[in-house]
Amino acid sequence: MPSPESSERYVCAFRGRRDSYQVPHALAEAGRLDQFITDLYAYPSVQRLAALFPTPWDEKLLRRRSPGISSDQVQCLWRTTVREWLRHACGMPEASTYAALDPVYADAAANRARMTRSNLLLYTPYAWEAFRASYDHTPRRILFQYHPHAAYERHLLREDAERFDEFRFDDDTRPETGENLTDFQRRRVEEVWRHADQILCASTFTQRTLVEAGADPDDCTVAPYGVDLPSPPPDNSTCPSDFRVLFVGGGVQRKGLHHLLYAWQRANLPSDSQLTLVCRSIQPELAALADDTSRTTLRRGVTFETLLSLYRGHTLFAMPSLIEGFGQVFLEAMSQGCPVLGTLNTCLPDVQSDKDIVHTVKPGNLDALVSTLEHLSSTLPGERTPRLRARERAQHFTWSRFRSRIIDAT
(Lines give C-alpha, C1' and ligand atoms only; values in the text may rest on other atoms or scores of the structure.)
Protein backbone atom coordinates (compact mmCIF):
# COMPACT_ATOMS: atom_id res chain seq x y z
CA MET A 1 0.00 0.00 0.00
CA PRO A 2 1.45 3.40 -0.89
CA SER A 3 2.39 5.57 2.03
CA PRO A 4 -0.34 8.20 2.50
CA GLU A 5 0.42 11.87 2.69
CA SER A 6 1.03 13.27 6.18
CA SER A 7 -2.31 15.08 5.90
CA GLU A 8 -4.00 11.65 5.93
CA ARG A 9 -2.06 10.14 8.83
CA TYR A 10 -3.09 10.17 12.48
CA VAL A 11 -1.45 10.17 15.87
CA CYS A 12 -3.27 7.98 18.41
CA ALA A 13 -2.55 7.96 22.15
CA PHE A 14 -3.86 6.18 25.22
CA ARG A 15 -2.69 4.29 28.29
CA GLY A 16 -3.19 0.53 28.66
CA ARG A 17 -4.48 -1.91 26.05
CA ARG A 18 -7.74 -0.07 25.54
CA ASP A 19 -10.12 -1.91 23.16
CA SER A 20 -7.37 -4.46 22.41
CA TYR A 21 -5.55 -1.76 20.40
CA GLN A 22 -8.22 -1.91 17.70
CA VAL A 23 -8.25 1.84 16.97
CA PRO A 24 -4.50 2.18 16.20
CA HIS A 25 -4.76 -1.23 14.51
CA ALA A 26 -7.44 0.20 12.19
CA LEU A 27 -5.23 3.16 11.30
CA ALA A 28 -2.18 0.96 10.73
CA GLU A 29 -4.19 -1.47 8.62
CA ALA A 30 -5.26 1.38 6.36
CA GLY A 31 -1.74 2.82 6.20
CA ARG A 32 -2.88 5.89 8.14
CA LEU A 33 -1.12 5.49 11.48
CA ASP A 34 1.70 7.96 11.99
CA GLN A 35 2.41 6.97 15.59
CA PHE A 36 0.73 5.24 18.52
CA ILE A 37 1.73 6.67 21.92
CA THR A 38 1.15 4.50 24.99
CA ASP A 39 2.56 3.46 28.37
CA LEU A 40 3.83 -0.11 27.94
CA TYR A 41 4.03 -2.04 24.69
CA ALA A 42 5.50 -5.48 24.10
CA TYR A 43 8.35 -4.60 21.77
CA PRO A 44 10.45 -7.66 20.77
CA SER A 45 12.80 -6.87 23.67
CA VAL A 46 9.85 -6.79 26.10
CA GLN A 47 8.60 -10.10 24.69
CA ARG A 48 11.97 -11.71 25.43
CA LEU A 49 11.89 -10.22 28.92
CA ALA A 50 8.40 -11.64 29.50
CA ALA A 51 9.85 -15.16 29.45
CA LEU A 52 11.61 -14.35 32.76
CA PHE A 53 8.36 -13.49 34.54
CA PRO A 54 6.10 -16.03 36.26
CA THR A 55 2.59 -16.73 35.02
CA PRO A 56 0.31 -14.75 34.75
CA TRP A 57 2.64 -11.74 34.52
CA ASP A 58 4.28 -13.05 31.38
CA GLU A 59 0.86 -13.44 29.74
CA LYS A 60 -0.13 -9.90 30.72
CA LEU A 61 3.04 -8.51 29.18
CA LEU A 62 2.58 -10.46 25.96
CA ARG A 63 -0.99 -9.13 25.61
CA ARG A 64 0.47 -5.61 25.43
CA ARG A 65 0.86 -5.73 21.65
CA SER A 66 -1.12 -6.06 18.46
CA PRO A 67 -0.04 -8.04 15.39
CA GLY A 68 -1.59 -5.28 13.30
CA ILE A 69 0.75 -2.57 14.58
CA SER A 70 4.44 -2.44 13.75
CA SER A 71 6.67 -1.82 16.77
CA ASP A 72 8.43 1.02 14.97
CA GLN A 73 5.10 2.89 14.93
CA VAL A 74 4.83 2.81 18.74
CA GLN A 75 6.28 5.23 21.28
CA CYS A 76 6.19 4.27 24.97
CA LEU A 77 6.25 7.02 27.59
CA TRP A 78 8.44 5.08 29.99
CA ARG A 79 9.01 7.88 32.51
CA THR A 80 5.29 8.51 32.79
CA THR A 81 4.69 4.78 33.19
CA VAL A 82 7.18 4.54 36.07
CA ARG A 83 5.60 7.58 37.74
CA GLU A 84 2.20 5.90 37.48
CA TRP A 85 3.47 2.67 39.04
CA LEU A 86 5.15 4.57 41.88
CA ARG A 87 1.98 6.52 42.66
CA HIS A 88 -0.03 3.29 42.71
CA ALA A 89 2.57 1.67 44.99
CA CYS A 90 2.25 4.62 47.39
CA GLY A 91 -1.52 4.13 47.58
CA MET A 92 -2.46 7.35 45.82
CA PRO A 93 -6.03 7.43 44.37
CA GLU A 94 -6.18 6.16 40.79
CA ALA A 95 -8.38 9.05 39.63
CA SER A 96 -5.90 11.69 40.82
CA THR A 97 -2.97 9.73 39.36
CA TYR A 98 -4.55 9.49 35.93
CA ALA A 99 -5.70 13.10 36.03
CA ALA A 100 -2.12 14.18 36.74
CA LEU A 101 -0.45 11.99 34.10
CA ASP A 102 -2.95 11.78 31.23
CA PRO A 103 -2.03 15.28 29.96
CA VAL A 104 1.49 13.95 29.27
CA TYR A 105 0.04 11.69 26.58
CA ALA A 106 -1.89 14.61 25.09
CA ASP A 107 1.23 16.80 25.01
CA ALA A 108 3.23 13.99 23.38
CA ALA A 109 0.52 13.58 20.73
CA ALA A 110 0.54 17.31 20.01
CA ASN A 111 4.33 17.35 19.65
CA ARG A 112 4.25 14.41 17.26
CA ALA A 113 1.46 15.95 15.18
CA ARG A 114 3.44 19.17 14.87
CA MET A 115 6.57 17.30 13.81
CA THR A 116 4.91 15.18 11.13
CA ARG A 117 1.96 17.49 10.29
CA SER A 118 -0.42 14.68 11.15
CA ASN A 119 -4.00 14.54 12.39
CA LEU A 120 -5.20 13.44 15.82
CA LEU A 121 -7.44 10.53 16.83
CA LEU A 122 -7.44 10.58 20.62
CA TYR A 123 -9.41 9.04 23.45
CA THR A 124 -11.21 11.39 25.81
CA PRO A 125 -8.71 11.63 28.72
CA TYR A 126 -5.77 12.26 26.37
CA ALA A 127 -7.18 14.90 24.02
CA TRP A 128 -7.68 18.25 25.77
CA GLU A 129 -4.17 19.67 25.50
CA ALA A 130 -3.59 18.24 22.01
CA PHE A 131 -6.88 19.52 20.60
CA ARG A 132 -6.29 23.02 22.02
CA ALA A 133 -2.62 23.28 21.02
CA SER A 134 -1.26 25.58 18.32
CA TYR A 135 -0.07 24.11 15.02
CA ASP A 136 1.47 25.35 11.79
CA HIS A 137 -0.99 23.13 9.95
CA THR A 138 -4.68 22.43 10.59
CA PRO A 139 -4.94 18.89 11.95
CA ARG A 140 -8.22 17.04 11.89
CA ARG A 141 -9.26 16.37 15.49
CA ILE A 142 -11.24 13.17 16.06
CA LEU A 143 -12.33 12.22 19.57
CA PHE A 144 -13.07 8.67 20.67
CA GLN A 145 -15.57 8.96 23.53
CA TYR A 146 -15.38 5.49 25.04
CA HIS A 147 -17.28 6.29 28.26
CA PRO A 148 -20.59 8.15 28.57
CA HIS A 149 -20.32 11.83 29.41
CA ALA A 150 -18.75 12.14 32.85
CA ALA A 151 -21.31 14.61 34.26
CA TYR A 152 -24.13 12.25 33.28
CA GLU A 153 -22.36 9.36 34.97
CA ARG A 154 -21.57 11.28 38.14
CA HIS A 155 -25.20 12.39 38.53
CA LEU A 156 -26.52 8.87 37.96
CA LEU A 157 -24.14 7.28 40.47
CA ARG A 158 -24.95 9.89 43.11
CA GLU A 159 -28.68 9.24 42.76
CA ASP A 160 -28.10 5.51 43.12
CA ALA A 161 -25.84 6.00 46.15
CA GLU A 162 -28.63 7.95 47.86
CA ARG A 163 -31.06 5.08 47.21
CA PHE A 164 -28.66 2.51 48.64
CA ASP A 165 -27.11 4.46 51.50
CA GLU A 166 -26.20 1.20 53.28
CA PHE A 167 -23.16 1.10 51.00
CA ARG A 168 -20.19 3.44 51.04
CA PHE A 169 -19.33 3.43 47.37
CA ASP A 170 -15.82 4.56 46.48
CA ASP A 171 -16.33 7.66 44.33
CA ASP A 172 -12.65 8.14 43.51
CA THR A 173 -12.00 5.13 41.32
CA ARG A 174 -12.79 6.57 37.90
CA PRO A 175 -10.51 9.07 36.11
CA GLU A 176 -13.50 11.04 34.81
CA THR A 177 -15.70 11.11 37.92
CA GLY A 178 -13.47 10.95 40.99
CA GLU A 179 -14.76 13.19 43.76
CA ASN A 180 -11.28 14.57 44.53
CA LEU A 181 -10.68 15.94 41.03
CA THR A 182 -10.31 19.67 40.57
CA ASP A 183 -12.78 21.68 38.51
CA PHE A 184 -10.24 21.89 35.68
CA GLN A 185 -9.55 18.16 35.74
CA ARG A 186 -13.25 17.53 35.31
CA ARG A 187 -13.60 20.19 32.64
CA ARG A 188 -10.85 18.68 30.47
CA VAL A 189 -12.83 15.43 30.08
CA GLU A 190 -16.36 16.87 30.18
CA GLU A 191 -15.82 19.61 27.57
CA VAL A 192 -13.12 18.22 25.29
CA TRP A 193 -15.78 17.21 22.76
CA ARG A 194 -16.29 20.91 22.04
CA HIS A 195 -12.84 21.02 20.41
CA ALA A 196 -13.34 17.94 18.19
CA ASP A 197 -14.20 17.95 14.49
CA GLN A 198 -15.74 14.49 14.78
CA ILE A 199 -16.75 12.29 17.73
CA LEU A 200 -16.72 8.50 17.67
CA CYS A 201 -18.82 6.60 20.23
CA ALA A 202 -18.95 2.87 20.85
CA SER A 203 -22.69 2.89 21.60
CA THR A 204 -25.83 4.87 20.89
CA PHE A 205 -26.23 5.36 24.64
CA THR A 206 -22.83 7.05 24.90
CA GLN A 207 -23.77 9.24 21.93
CA ARG A 208 -27.00 10.21 23.66
CA THR A 209 -25.19 11.41 26.80
CA LEU A 210 -23.02 13.67 24.64
CA VAL A 211 -26.01 15.05 22.75
CA GLU A 212 -27.69 15.81 26.08
CA ALA A 213 -24.51 17.69 27.05
CA GLY A 214 -24.83 19.83 23.90
CA ALA A 215 -23.02 17.95 21.13
CA ASP A 216 -24.42 18.07 17.59
CA PRO A 217 -25.80 14.60 16.68
CA ASP A 218 -24.42 15.07 13.15
CA ASP A 219 -20.90 15.26 14.61
CA CYS A 220 -21.27 11.93 16.44
CA THR A 221 -20.69 8.57 14.77
CA VAL A 222 -21.51 5.28 16.50
CA ALA A 223 -18.98 2.50 15.90
CA PRO A 224 -19.97 -0.55 17.99
CA TYR A 225 -17.14 -2.70 19.29
CA GLY A 226 -16.47 -6.20 18.03
CA VAL A 227 -15.64 -9.54 19.60
CA ASP A 228 -13.16 -12.31 18.88
CA LEU A 229 -15.40 -15.08 17.59
CA PRO A 230 -14.53 -18.58 18.85
CA SER A 231 -12.98 -20.97 16.38
CA PRO A 232 -14.26 -23.61 16.18
CA PRO A 233 -17.73 -22.42 17.28
CA PRO A 234 -18.87 -23.63 20.72
CA ASP A 235 -20.93 -26.78 20.86
CA ASN A 236 -24.45 -25.70 21.79
CA SER A 237 -26.03 -29.08 21.13
CA THR A 238 -26.70 -29.31 24.86
CA CYS A 239 -27.59 -26.56 27.30
CA PRO A 240 -28.15 -26.27 31.05
CA SER A 241 -31.42 -27.75 32.20
CA ASP A 242 -31.42 -25.63 35.37
CA PHE A 243 -31.29 -21.85 35.84
CA ARG A 244 -27.65 -20.75 36.13
CA VAL A 245 -26.90 -17.03 35.97
CA LEU A 246 -23.42 -15.59 35.47
CA PHE A 247 -22.14 -12.09 36.32
CA VAL A 248 -18.66 -11.02 35.13
CA GLY A 249 -17.28 -7.61 36.00
CA GLY A 250 -15.85 -5.37 38.66
CA GLY A 251 -17.60 -5.55 42.00
CA VAL A 252 -18.40 -1.83 41.99
CA GLN A 253 -21.49 0.34 42.01
CA ARG A 254 -21.42 1.14 38.28
CA LYS A 255 -21.88 -2.53 37.32
CA GLY A 256 -25.16 -2.80 39.24
CA LEU A 257 -24.04 -5.84 41.22
CA HIS A 258 -26.00 -4.71 44.28
CA HIS A 259 -29.13 -4.53 42.11
CA LEU A 260 -28.58 -8.07 40.85
CA LEU A 261 -28.01 -9.46 44.33
CA TYR A 262 -31.08 -7.75 45.80
CA ALA A 263 -33.18 -8.93 42.85
CA TRP A 264 -31.84 -12.48 43.28
CA GLN A 265 -32.87 -12.40 46.95
CA ARG A 266 -36.39 -11.24 46.11
CA ALA A 267 -37.10 -13.33 43.01
CA ASN A 268 -39.21 -16.50 43.21
CA LEU A 269 -36.81 -18.85 41.43
CA PRO A 270 -36.46 -22.64 41.20
CA SER A 271 -34.74 -24.08 44.25
CA ASP A 272 -31.77 -25.32 42.21
CA SER A 273 -31.03 -21.90 40.65
CA GLN A 274 -27.43 -20.73 40.94
CA LEU A 275 -25.77 -17.31 40.62
CA THR A 276 -22.05 -17.18 39.88
CA LEU A 277 -20.14 -13.91 40.30
CA VAL A 278 -16.74 -13.53 38.66
CA CYS A 279 -15.05 -10.40 40.06
CA ARG A 280 -11.33 -9.80 39.91
CA SER A 281 -11.92 -7.16 42.60
CA ILE A 282 -15.01 -6.36 44.64
CA GLN A 283 -15.89 -3.75 47.24
CA PRO A 284 -16.05 -5.31 50.73
CA GLU A 285 -19.69 -4.41 51.34
CA LEU A 286 -20.73 -5.97 48.04
CA ALA A 287 -18.74 -9.09 48.89
CA ALA A 288 -20.58 -9.25 52.22
CA LEU A 289 -23.92 -8.90 50.41
CA ALA A 290 -22.93 -11.76 48.10
CA ASP A 291 -22.04 -13.92 51.11
CA ASP A 292 -25.51 -13.24 52.56
CA THR A 293 -27.26 -14.17 49.31
CA SER A 294 -28.23 -17.84 49.03
CA ARG A 295 -27.27 -19.99 46.04
CA THR A 296 -24.53 -17.51 45.14
CA THR A 297 -20.85 -18.27 44.48
CA LEU A 298 -18.18 -15.57 44.30
CA ARG A 299 -15.05 -16.27 42.27
CA ARG A 300 -12.34 -13.65 42.58
CA GLY A 301 -10.79 -14.26 39.20
CA VAL A 302 -10.51 -16.92 36.51
CA THR A 303 -8.42 -17.56 33.42
CA PHE A 304 -9.86 -16.51 30.08
CA GLU A 305 -10.29 -20.15 29.06
CA THR A 306 -12.26 -20.83 32.25
CA LEU A 307 -14.37 -17.74 31.61
CA LEU A 308 -15.34 -19.00 28.17
CA SER A 309 -16.33 -22.31 29.73
CA LEU A 310 -18.48 -20.47 32.28
CA TYR A 311 -20.33 -18.62 29.52
CA ARG A 312 -21.07 -21.93 27.82
CA GLY A 313 -22.16 -23.56 31.09
CA HIS A 314 -24.64 -20.92 32.23
CA THR A 315 -28.21 -20.30 31.16
CA LEU A 316 -27.98 -16.51 31.25
CA PHE A 317 -25.39 -13.77 31.53
CA ALA A 318 -26.66 -10.86 33.67
CA MET A 319 -25.02 -7.50 34.33
CA PRO A 320 -27.57 -4.77 35.18
CA SER A 321 -25.08 -1.91 34.85
CA LEU A 322 -26.10 1.59 35.79
CA ILE A 323 -23.89 2.91 33.01
CA GLU A 324 -21.56 1.45 30.39
CA GLY A 325 -19.79 2.94 27.42
CA PHE A 326 -20.45 -0.39 25.71
CA GLY A 327 -20.11 -3.57 27.80
CA GLN A 328 -17.80 -5.94 25.96
CA VAL A 329 -18.76 -8.89 28.14
CA PHE A 330 -22.23 -8.98 26.61
CA LEU A 331 -20.75 -9.79 23.20
CA GLU A 332 -18.31 -12.25 24.77
CA ALA A 333 -21.19 -14.12 26.40
CA MET A 334 -23.28 -14.13 23.22
CA SER A 335 -20.36 -15.38 21.14
CA GLN A 336 -20.32 -18.45 23.39
CA GLY A 337 -24.05 -18.99 22.95
CA CYS A 338 -25.22 -17.42 26.21
CA PRO A 339 -28.30 -15.11 26.19
CA VAL A 340 -27.82 -11.83 28.07
CA LEU A 341 -29.67 -9.54 30.47
CA GLY A 342 -28.65 -5.93 31.02
CA THR A 343 -29.94 -2.38 31.07
CA LEU A 344 -30.69 0.23 28.43
CA ASN A 345 -27.59 2.17 29.54
CA THR A 346 -25.28 -0.23 27.70
CA CYS A 347 -24.62 -1.49 24.17
CA LEU A 348 -27.67 -3.76 24.28
CA PRO A 349 -30.02 -1.40 22.38
CA ASP A 350 -27.45 -1.52 19.54
CA VAL A 351 -27.07 -5.30 19.77
CA GLN A 352 -30.69 -6.28 20.30
CA SER A 353 -32.54 -7.96 17.45
CA ASP A 354 -34.27 -10.89 19.09
CA LYS A 355 -36.11 -10.80 22.42
CA ASP A 356 -35.15 -14.43 23.00
CA ILE A 357 -31.46 -13.61 23.37
CA VAL A 358 -31.13 -9.98 24.56
CA HIS A 359 -33.19 -8.83 27.53
CA THR A 360 -33.14 -5.25 28.86
CA VAL A 361 -34.55 -3.40 31.85
CA LYS A 362 -34.33 0.20 32.91
CA PRO A 363 -31.24 0.81 35.08
CA GLY A 364 -31.99 0.63 38.77
CA ASN A 365 -35.48 -0.86 38.31
CA LEU A 366 -35.41 -3.73 40.82
CA ASP A 367 -39.02 -4.76 40.19
CA ALA A 368 -38.36 -5.19 36.46
CA LEU A 369 -35.15 -7.09 37.20
CA VAL A 370 -36.98 -9.45 39.58
CA SER A 371 -39.79 -10.16 37.12
CA THR A 372 -37.36 -10.69 34.23
CA LEU A 373 -35.30 -13.17 36.22
CA GLU A 374 -38.47 -15.04 37.23
CA HIS A 375 -39.68 -15.16 33.62
CA LEU A 376 -36.34 -16.33 32.21
CA SER A 377 -35.98 -18.99 34.90
CA SER A 378 -39.02 -20.72 33.40
CA THR A 379 -38.28 -20.16 29.69
CA LEU A 380 -34.50 -20.46 29.14
CA PRO A 381 -33.39 -23.73 30.84
CA GLY A 382 -33.09 -26.57 28.38
CA GLU A 383 -33.77 -24.35 25.35
CA ARG A 384 -31.15 -24.67 22.62
CA THR A 385 -32.56 -22.17 20.10
CA PRO A 386 -31.81 -18.98 22.09
CA ARG A 387 -28.20 -20.12 22.47
CA LEU A 388 -27.81 -20.61 18.73
CA ARG A 389 -29.39 -17.22 18.04
CA ALA A 390 -27.12 -15.51 20.56
CA ARG A 391 -24.05 -16.86 18.81
CA GLU A 392 -25.41 -15.90 15.38
CA ARG A 393 -26.11 -12.35 16.55
CA ALA A 394 -22.59 -11.95 17.94
CA GLN A 395 -21.21 -12.81 14.51
CA HIS A 396 -22.54 -9.46 13.25
CA PHE A 397 -20.11 -7.64 15.57
CA THR A 398 -16.59 -8.34 14.41
CA TRP A 399 -13.46 -6.32 15.08
CA SER A 400 -12.88 -5.98 11.35
CA ARG A 401 -16.27 -4.29 11.04
CA PHE A 402 -15.37 -1.96 13.91
CA ARG A 403 -12.05 -1.07 12.27
CA SER A 404 -13.80 -0.35 8.97
CA ARG A 405 -16.11 2.12 10.71
CA ILE A 406 -13.16 3.86 12.30
CA ILE A 407 -11.52 4.33 8.90
CA ASP A 408 -14.79 5.48 7.32
CA ALA A 409 -14.95 8.24 9.94
CA THR A 410 -11.43 9.45 9.25
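Shown above is the structure to which this text applies.
Positions within a chain are numbered from 1, following the residues in the order the chain's sequence is written. With the structure being a predicted model, the display of local features is reserved for residues of pLDDT at least 70 and the display and counting of side-chain atom pairs for 80 or more, all residues being used for whole-chain, interface and lining totals. Remark: hydrogens and water are excluded; side-chain values derive from all non-hydrogen atoms of the structure.

Caption draft 1: View of the overall build of the protein. For the protein, the count of helices and strands is 17 helices and 13 strands. For the radius of gyration, the atom set is restricted to C-alpha positions; the globular benchmark scales as 2.2 Å times the number of residues to the power 0.38. Relative to the 2.2 N^0.38 estimate, which gives 22 Å for 410 residues, the radius of gyration of the protein is 22 Å and therefore close to what a compact globule would have. Dimensions of the protein, computed from the C-alpha atoms along their principal axes, are close to 70 × 50 × 45 Å. Looking at the protein residue by residue over its 410 residues, the buried ones come to 57%. Counting only contacts in the protein whose residues sit at least 6 apart along the sequence, the fraction spanning at least 24 positions is 68%. Only DSSP runs of H or I with at least four residues qualify as helices, and only runs of E with at least two residues qualify as strands; both kinds are numbered from the N terminus onward. Relative accessibility thresholds used throughout: buried, under 20% of the residue-type maximum; exposed, over 50%; partly exposed, between the two (1.4 Å probe, protein chains only). Here, two residues are considered to be in contact whenever any of their heavy atoms come within 4.5 Å of each other.

Caption draft 2: Molecular detail of the sheet that holds strand β6 (residues 198–201). Paired strands, in this sense, are two strands between which DSSP finds at least two bridges. Read from one edge of the open sheet, 7 strands run β3-β2-β1-β4-β5-β6-β7, paired in parallel fashion. The sheet is open, and its two borders are formed by β3 (74–76) and β7 (220–222), each paired with just one other strand. On average, each strand axis in the sheet is tilted by 20 degrees relative to the strand beside it, whichever way the strands run. Here strand β5 (residues 141–145) runs beside β6; their pairing, made up of 4 bridges, is parallel. Each residue of the ladder has a partner; that of Leu143, found in β6, is Ile199. Axis lines are fitted through C-alpha atoms, for helices just across the contact stretch, and the angle between N-to-C directions can take any value from 0 to 180 degrees. Of the strands in this sheet, β1 (10–13), β2 (33–38) and β4 (119–123) touch helix α5 (residues 94–116), which is tilted by about 160 degrees from β2.

Caption draft 3: Structural context of the packing of helix α1 (residues 22–29) against helix α17 (residues 399–409). The geometry of α1 relative to α17 is characterised by a closest axis approach of 9 Å and an angle of 70 degrees between their N-to-C directions. What the angle tells us is that α1 and α17 run roughly perpendicular. Handedness of the α1/α17 crossing: right-handed. Across from Gln22, Val23, His25, Ala26, Leu27 and Glu29 in α1, the residues of α17 making contact are Trp399, Phe402, Arg403, Ile406 and Ile407. Each angle gets one of four labels, with under 35 degrees taken as roughly parallel, over 145 as roughly antiparallel, 65 to 115 as roughly perpendicular, and the rest as oblique. In this scheme the handedness of a crossing depends on how the near helix is turned from the far one: anticlockwise by less than a right angle means left-handed, clockwise means right-handed.

Caption draft 4: Summary view of the side chain of His149. You can see His149 is positioned in the loop between β5 and α7 (150–163). Take His149: its relative accessible area is 7%, and that puts it in the buried class. A distance of 2.7 Å separates the side chain of His149 from the backbone oxygen of Glu190, its partner in a polar contact. Polar contact criterion, stated in full: a pair of N or O atoms within 3.5 Å, where within protein one must be able to donate a hydrogen and the other to accept it, and residues adjacent in sequence count only if both atoms are side-chain atoms.

Caption draft 5: Inspection of the sheet that holds strand β13 (residues 358–361) at higher detail. The sheet built from 6 strands is open, its strands ordered β10-β9-β8-β11-β12-β13 with parallel pairing. Of all strands in the sheet, those bounded by a partner on one side alone are β10 (296–299) and β13. Across the sheet, the mean angle from the axis of one strand to that of its neighbour is 25 degrees, orientation sign disregarded. Where strand β11 (residues 316–318) meets strand β12 (residues 340–343), 2 bridges bridge the pair, whose relative direction is parallel. The residue bridging Ala318 from the neighbouring strand is Leu341, located in β12. Lying over the sheet, helix α15 (residues 366–379) contacts β11, β12 and β13, oriented at roughly 155 degrees with respect to β13.

Caption draft 6: Spatial organisation of the packing of aromatic side chains. Whether two aromatic rings pair depends on their centres lying within 6.5 Å, for rings of Phe, Tyr and Trp, where Trp uses its six-membered ring; planes under 30 degrees apart make the pair stacked, over 60 edge-to-face, and the rest tilted. The tally for this structure, following the rule as stated, stands at 24 aromatic pairs. Here the aromatic rings of Tyr123 and Tyr146 are separated by 5.4 Å at their centres, their planes lie at 55 degrees, and the arrangement is tilted. You can see Tyr123 sitting in strand β4 and its partner Tyr146 sitting in the loop between β5 and α7, a full 23 residues away along the chain. Classification of Tyr123 as buried rests on a relative accessible area of 0%. In this structure Tyr146 comes out as buried when scored by relative accessible area, which is 6%. Consider the rings of Trp399 and Phe402, whose centres lie 5.4 Å apart with planes at 80 degrees: the pair is edge-to-face. Separated by 3 residues within a single helix, Trp399 and Phe402 lie in helix α17, roughly one turn from each other. Classification of Phe402 by relative accessible area gives buried; the value is 0%. For a ring to carry a charge above it, either NZ of a lysine or CZ of an arginine must fall within 6 Å of the ring centroid while also lying within 35 degrees of the normal to the ring plane. For Arg114, the ring lying beneath its charged end belongs to Tyr135, and the centroid distance is 5.3 Å. The ring of Phe397 carries the charged tip of Arg401 above its face, separated from the ring centre by 5.4 Å.

Caption draft 7: The arrangement of the environment of His396 in detail. Secondary-structure assignment places His396 in the loop between α16 (385–394) and α17. Separated by 45 residues in the primary sequence, His396 and Val351 have C-alpha atoms spaced 9.0 Å apart.

Fair warning: the whole summary comes from geometry, so function is off the table for now.
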